[in-house]
Each structure stands twice: as structure tokens, then as C-alpha cells.
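Structural characterization, general
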Amino acid sequence: MRFEVGAEDLVRTRFALSPVFELQNVLRALAGPHRRGVPEAWLSRLRPPFERLRAGDPAVDAVLALHTEREGATFLCPPPDRLAQSIEEDLAALRAAPQAAARAEIEFYLARRSDVSAAARDVLTGPDVLERLALALTAAWSGLLAEDWPRMRLLCERDVVHRAAELGRAGWGAALAGLHPRVRWRDGGIQIDRRFSDRRSSDGLEINGRGGDGRTDEVVSLAGRGLLLVPSVFVWPEIAFYADDPWPKAIVYPARGVATLLEDGPRPAPDHLAALLGRSRALLLDSLADAASTSQLARAFGMAAGAVGDHLAVLLRSGLVTRARSGRSVLYLRTPLGNALINRRP
């Protein structure tokens, strides 16, 4: 698979987040049999509420029925518009999906899924199917991911800050460096390698959206419209790509640092720093191995933006963090002194 890139595509390339993409990957991992890159610790924590949701509403199974091992219904996962994309915006787009197109996709999947329960089939063939699916996803978001989303969003936003800076500083090659082992800049285009001998991860994770057929010789032009880049937590350790409508040309890729988030989970403030700085300042300092803004940190830790700003001002005066402007945001990052303090364990 190859995206051909022209001169205008650099300035029109943009980033966005897709909460509903993350939610559907988690649902599919919980339904099994494949973990799809989601660690067992997360699955164990989320399985009880998932089973309650599934038992209480057949629309959850209806959502799952609109996927095969390799692909999923596109109307369930509308293309995101912006970094601040919310699950409410995703589900509003789902509710507004063209009825004829949604019905066609539903028929496509029902014809390929012999294991769909009668109750789920009734949902999918009912007159209010879009509303039923949206309500099921709303409940799933609340019960499964809403609490974790601020940390997930912070991780993805940090990735965007890094890649946007690289794209502006040194172009496509720098922005794509480290995106994924299968993605590289070559001869004026973006090459996505699909080695058929290693087509999926060991747990069967989907690596392309329904829009593209994944042929290694497929060539798609960005045609001056740029590329949509979507950092993700639960696409890890693979990628997804979109080449056909209704999505723009897009790559969904693992955000930098996602393995640490998934494996370690939320970390409390280091005790030795909490005693010295106070727990909130210690927590903020510990989180600033990568740059972040005041508002990002406030969302991630459920703190007031003013309180975060006050704590960062103290850390700045103490020489433990530095700050720099990036566009309209001011980003904070640990200094070498801050790193030394974090890494010195009693």
C-alpha cells in the first residue's frame, strides 16, 4: 500500500483523535477471542462491566456483529474532525449517517456473520438501528473508557505535538520516523508494508480499515487533500489505514509511549517527591518526561487549570521544569535537574 504525496499535501495534513475507534477496539478485545493488543490487566478490569452491558442490551452484540476479523462497518466509526474530538461528536455523526449506506453495510455484515443472535439481528434490522447503536456505545463509553480517556487523550496529544513539530521542521521523513515499523517515507510517497507472511499480530489485530484492500501494490494519491493522522492507544502494536470514502486518506497509528501506559497503568506520585514537593507537584513533575500544556495536564489528572498553573510556576522557579511556546500553547517539560530528582529513588 502506498500513498502518493504532492506539494500541497504537507500543508493540508492534519491530526485528529477518534474516541469511538478506541471504544470499538476495546469492545472487540473484550468479546474475544483475540486481545487485539489490549493487555490482560485492562481486560480483567473491564470485563465485569462489559459483561453487564452485554447482558443488559442486545445492541452491544449488534455493534460487535458489524465487524469481521479484518474490518468493520465504516458508519460505526465516522472520521474525526479535530484533536478535541469527543465521543458525543462521534456518536452524533453515527446518528446522522445516511440510512441507505448504513443499511447496505448492515446487510453486508449480516450476510457474513452466521453467529449473530436473534436479538442482535432484531436491533440491526429495526427502524431505529442507528439510535440503538449510538445508545449502546454511549453506555459502553461511560462504563469502560470514560475514566481512562483523559490519560489516553494526553498521551495522544503529546504525540501530535511531537509529530507536528517534526513535520514542520523537516518534512514527511521526520514526521513518519518511528510512526510504525511498516510505515516509511520512500521516493516521495508513504509506503505501508504488508508482509503477507506476517499479516497480523499474534492476537489477530486488524491492521487496515474496510476502505483499503491492503494489497502491497495498491497506490492511492492524496490529491492535494493531505493525510489524516490519528494517534491511538488501542491500535497498538499495529496500524490501521483508510483509503476510501467516507474517511479521508488516513493512518491510525500507536501513539508514542502507549506501551508504558498500557502496561503500567496510572502511577501514583513518587513517595520521596511527594514528601518534598507535595503530592500534586510531584505527580505533575513525574508526568513531564514529555511536553504538555497546563490544560492537557488539568484534563488528565482532573485538576483545576488554575491549580495546575500555580504548581507549574513553582516547579519552573525551582528549575525543575522548563517551558516553551508551541503555536498558541505553552508546553512544560522536565529539566535535567527534574529528571535527576525523579530518577533518584530512596
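What you see is a predicted model, and the numbers here were worked out from it, not measured in a lab.

Below, the discussion takes up the sheet that holds strand S1 (residues 2-4). With mixed pairing, the four strands of this open sheet are ordered in space as S3-S4-S1-S5. In this open sheet, the two strands that pair with only one neighbour each are strand S3 (183-186) and strand S5 (219-221). Averaged over neighbouring strand pairs, the angle between their axes works out to 25° when direction is ignored. Summarising the sheet, S3 and strand S4 (residues 189-192) pair through four bridges and their orientation is antiparallel. Counted as the bridge partner of arginine 186 is glycine 189 from S4.

Looking now at the packing of aromatic side chains. What the rule picks out here adds up to five aromatic pairs. Note on phenylalanine 108 and tyrosine 109: the rings are 4.9 Å apart at their centroids and 75° apart in plane angle, and the pair reads as edge-to-face. Centre to centre, the rings of tryptophan 172 and tryptophan 185 are 6.0 Å apart; their planes meet at 5°, and the pair counts as stacked. Residue tryptophan 172 is found in helix H10 (residues 172-176), and its partner tryptophan 185 is found in strand S3; the two are separated by 13 residues along the sequence.

In this section: the sheet that holds strand S9 (residues 292-293). Here three strands make up an open sheet; going across it, the order is S9-S11-S10 and the pairing antiparallel. Each having just a single partner strand, S9 and strand S10 (321-326) make up the two edges of the open sheet. Lying on the sheet, helix H15 (residues 305-317) is in contact with S10 and strand S11 (329-334); it crosses S10 at an angle near 115°.

With that settled, consider the pattern of salt bridges. As enumerated under the stated definition, the model contains 14 salt bridges in all. Note that arginine 45 is salt-bridged to aspartate 148, the shortest N-O span being 3.0 Å. A residue pair is termed long-range when its members are at least 10 positions apart, and arginine 45 in helix H3 (residues 40-56) and aspartate 148 in the loop between helix H8 (129-145) and helix H9 (149-170) qualify at 103 residues. Here arginine 132 makes a salt bridge to aspartate 57, at a shortest N to O gap of 3.4 Å. Of this pair, arginine 132 sits in helix H8 while aspartate 57 is found in the loop between H3 and helix H4 (58-65), placing the two residues 75 residues apart along the sequence. On the basis of relative accessibility, which here comes to 27%, the residue arginine 132 falls in the partly exposed class. By sharing partners, the salt bridges in this structure join Arg45, Asp148 and Arg151 into a single network.

Helix length check: H8 (17 residues) gives 23 Å between terminal C-alpha atoms against 24 Å at 1.5 Å per residue, within 8%. Taken together, the buried positions of H8 are occupied by Val129, Leu130, Leu133, Ala134, Ala136, Leu137, Ala140, Trp141, Leu144 and Leu145. The arc enclosing the buried residues of H8, seen along the axis, measures out at 160°, which places them on a common side.

Topologically, lysine 249 is positioned in the loop between strand S7 (240-242) and strand S8 (250-254). Sequence separation between lysine 249 and proline 79 is 170 residues, and the spatial gap between their C-alpha atoms is 10.0 Å. In this structure, lysine 249 is in contact with Phe3, Val220, Ser221, Leu222, Arg225, Gly226, Leu227, Leu228, Tyr242 and Ala243, ignoring residues within four places of it in sequence.

In this section: the packing of H3 against H4. Where H3 contacts H4, the axes come no closer than 5 Å and their chain directions differ by 100°. As far as their axial angle goes, H4 and H3 are roughly perpendicular. On H4, the residues touching Phe50, Leu53, Arg54 and Gly56 of H3 are Pro58, Val60, Asp61 and Leu64.

Turning our attention to the packing of helix H14 (residues 294-301) against H15. Packing of H14 against H15 brings their axes to within 9 Å, and their N-to-C directions diverge by 115°. Taken as a pair, H14 and H15 cross one another with a handedness that is right-handed. Contacts from Thr294, Leu297 and Ala298 of H14 reach H15 at Ala305, Val308, Gly309 and Leu312. Taken together, the residues of the contact of H14 with H15 break down into five nonpolar, two polar and no charged.

Glancing now at the confidence of the model for the chain. Summing up the model confidence of the chain, the mean pLDDT is 85 and the portion of residues at 70 or higher is 90%. Here residues 196-214 scores under 50 on pLDDT; set against residues more than four positions off or in separate chains, the count is 63 contacts.

With that out of the way, let us pick up unusual backbone geometry. In the segment running from tryptophan 236 into proline 237, the intervening peptide bond is cis, with an omega of 10°. The phi dihedral of aspartate 187 is positive, around 50°, even though this residue is not glycine. Turning to its location among the elements, aspartate 187 is positioned in the loop between S3 and S4. Residue aspartate 187 is classed as exposed on the basis of its relative accessible area, which comes to 67%. The phi dihedral of alanine 223 falls on the positive side, at around 55°, and the residue is not glycine. On the secondary structure map, alanine 223 appears in the loop between S5 and strand S6 (228-232). What makes alanine 223 partly exposed here is its relative accessible area of 47%.

This brings us to the pairing of S4. Judged by which residues are buried, S4 turns out to be covered on both faces: Gly189 and Gln191 on one side and Ile190 and Ile192 on the other are all buried. Looking at chain direction, S1 and S4 are connected through three bridges and run antiparallel. By the bridge assignment for S4, arginine 2 is matched with glutamine 191. Two successive antiparallel strands, S3 and S4, enclose a turn made up of two residues, where aspartate 187 displays a positive phi of approximately 50°.

The rules behind these values
Residues numbered from 1 in each chain as written. Predicted model: local features only at pLDDT ≥ 70, side-chain atom pairs only at ≥ 80, totals over all residues. Heavy atoms only, no water. Pairing = 2+ DSSP bridges. Helix = DSSP H or I, 4+ residues; strand = E, 2+ residues; numbered from the N terminus. Axes fitted to C-alpha atoms, helices over the stretch in contact; angles between N-to-C directions. Phe/Tyr/Trp six-rings, centres within 6.5 Å; stacked < 30°, edge-to-face > 60°. Contact = heavy atoms within 4.5 Å. Salt bridge = Lys/Arg side-chain N within 4 Å of Asp/Glu carboxyl O. Buried < 20%, exposed > 50% of the residue type's maximum accessible area, 1.4 Å probe, protein only. Expected span 1.5 Å × (residues − 1). Arc of directions from axis to C-beta. Parallel < 35°, antiparallel > 145°, perpendicular 65-115°, else oblique. Left-handed = near helix turned anticlockwise from the far one by under 90°. Nonpolar A, V, L, I, M, F, W, Y, C, P; charged D, E, K, R; others polar. pLDDT = per-residue confidence, 0-100.

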